[in-house]
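Here's the letter readout for the chains.
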Amino acid sequence: MDNLKGYQVKLDAFQGPLDLLLFLIRKKKINIHDIPIATITREYLKHLNQEEKIDLEREAEFLFMAALLIHIKSQMLLPRENIPEEEDPRQVLVERLLDYQKIKAACSILRGKEEEQMQKWQRTSLPPLSLEDDIELTEVSLFDLAEAFLTLMKKKEKENIQFIKGKEFSLEAKMKEMLAYLEENSFLDFLDYFNQQESLEEAFVSFFCLLELIKVKIVIAMQESLFHAIKVWLRKESS
Amino acid sequence: MKIHPKHIIESLIFISLEPLSLDKIKSVLTEFSDKEIEGAMKDLLENYTSNEKGIQIIQAAGGFLFSTNPEHDLWIKRLLKFERKYRLSSAGLETLSTIAYHQPITLAEISALRGVDSIHSLKTLLQKKLVKIVGRKKSPGKPLIYRTTDKFLAYFELDSIKDLPSQEEILKILEEEKNLD
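The rules behind each value
Residues numbered from 1 in each chain as written. Chains lettered and ligands numbered in written order. Predicted model: local features only at pLDDT ≥ 70, side-chain atom pairs only at ≥ 80, totals over all residues. Pairing = 2+ DSSP bridges. Helix = DSSP H or I, 4+ residues; strand = E, 2+ residues; numbered from the N terminus. Contact = placed C-beta atoms within 7 Å. Nonpolar A, V, L, I, M, F, W, Y, C, P; charged D, E, K, R; others polar. Core = buried A, V, L, I, M, F, W, Y, C linked by C-beta atoms within 7 Å. Buried ≥ 20, exposed ≤ 12 C-beta atoms within 10 Å, placed from the backbone. Axes fitted to C-alpha atoms, helices over the stretch in contact; angles between N-to-C directions. Parallel < 35°, antiparallel > 145°, perpendicular 65-115°, else oblique.

Peer 1: What exactly am I supposed to notice about the sheet that holds strand E3 (residues 105-106) of chain B here?
Peer 2: Hydrogen bonds between backbone groups are what pair the strands of a sheet, and the pairing can be parallel or antiparallel. Strands sit in the order E3-E5-E4 (chain B) across an open sheet of 3 strands; the sheet is antiparallel. Either end of the sheet is taken by a strand with one partner, and the two such strands are E3 and strand E4 (131-136) of chain B.

As structure tokens, then:
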């Protein structure tokens, strides 16, 4: 049915408003350095109106660009006194488009390289031979750990208004305790474990222990996927 | 039988799961001079340049790695019962190339360059270990900054970040596109 109206390109086909603009510039054979803003805005809005269903998040990005185009047009219409002649209100947009155009071009070269690489197999690129429903774990970085720890500590801070000083925690003892826990439970849930700590001080000591154990490669911190629960495992002997 | 450094290097590359750098090879082959090793490496690469072999040596991410001959793709897939490898999505590739050319870069900067919010693409790239967090920017909000990884280089068979498509190559593509219209 849509075909009755001739050739149409859905918004979904575009990465974003810049992509759509570049498409229109090419279609209308417009010189990118001298864009007729009125024409391009009209074309651009026509495309937006073709959309039937609305994806708010995407729509917002496209609408923002429409507003920008209209703003540029209005600036060009208004008599300008204090602004030097050379300053073109289109300049910023043109630079963005040129930058974006380069990225797109680089993408098409990289896509070709990817295609070539797909035909070459290395042992590193072999698909995992494990069961399908096996969870793929990724090792977490120091940033992930620190981030998780900080959020937790902020939460704890509020609860821990008063505490009685007395017990001191040694790194060594804590490390042993942590390892014993791991031997028994095979893994340790980062959040749960630190939530169980009695005081801020104890939690800090535990965190340093964990970092040390990771550093000397006795344990490994993994998560199922980004922003998922972090779990700590004992490293298996490789021999 | 005399042991030739060329053959040792071949074994070392064979056993490596990651691209093996020349420096690493030198640090292992202590019995040979740097010059001997470089010569042997060149020799070895020449042995592998012909297309008649099943195995090739590729140079990526600053090292050497064995890879199968692209012409044998069909049979490898048959052996592994593997339909196809997954390509990056358009959004993913665009985000990745934005990072590659503008690194170190923050999420906000990536989104500004692309004109769209890039958080989802970025998350996927982080998961695939094609990009990594390298720290925080010293600006309001201290946003995280990102860079591409060695895995990224290996993925596109680039030896270093300098081997990304150059300005000239990019301009050529743009010129070609213009002529297509």
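Peer 1: How should I be thinking about the interface of chain B and chain A in this particular structure?
Peer 2: Interface size is commonly expressed as the accessible surface area that is lost when the partners come together. Contacts between the two partners involve 39 residues from chain B and, on the opposite side, 37 residues from chain A. Those elements that place two or more of their residues in the side of chain B that touches chain A are strand E2 (63-68), helix H4 (73-80), helix H5 (90-102), helix H6 (107-114), helix H7 (119-127) and helix H9 (167-180) of chain B. Ranked by residues supplied to the side of chain B that touches chain A, first place goes to H5 of chain B with 7 residues. The residue makeup of the side of chain B that touches chain A, split by class, is 22 nonpolar, 7 polar and 10 charged.

Peer 1: Help me understand the nonpolar core in this model?
Peer 2: One broad rule of soluble globular proteins: the nonpolar side chains tend to lie buried together. Counting 53 residues, the largest nonpolar core has Leu-96, Ile-99, Val-131 and Leu-153 of chain B as the members making the most contacts within it. The leading source of residues in this core is helix H4 (residues 91-118) of chain A, at 7 residues. Other than its neighbours up to four places away in sequence, Leu-153 of chain B contacts Ala-60, Ala-61, Leu-158 and Ser-160 of chain B. Membership of the second largest hydrophobic core comes to 17 residues, among which are Val-140, Phe-149, Leu-188 and Val-219 of chain A.

Peer 1: Would you mind showing me how to read the packing of helix H1 (residues 17-27) of chain A against H4 of chain A here?
Peer 2: To characterise two packed helices, one gives the angle between the axes of the helices and the distance between these axes. Residues and elements named next belong to chain A. Put simply, H1 and H4 touch, their axes get as near as 10 Å, and they point 90 degrees apart. Our classification of the angle between H1 and H4 gives roughly perpendicular. Seen from H1, the contacting residues are Leu-18, Leu-21 and Leu-22; seen from H4, they are Arg-96, Leu-97, Tyr-100 and Gln-101. The residue inventory of the contact of H1 with H4, partitioned by class, reads 5 nonpolar, 1 polar and 1 charged.

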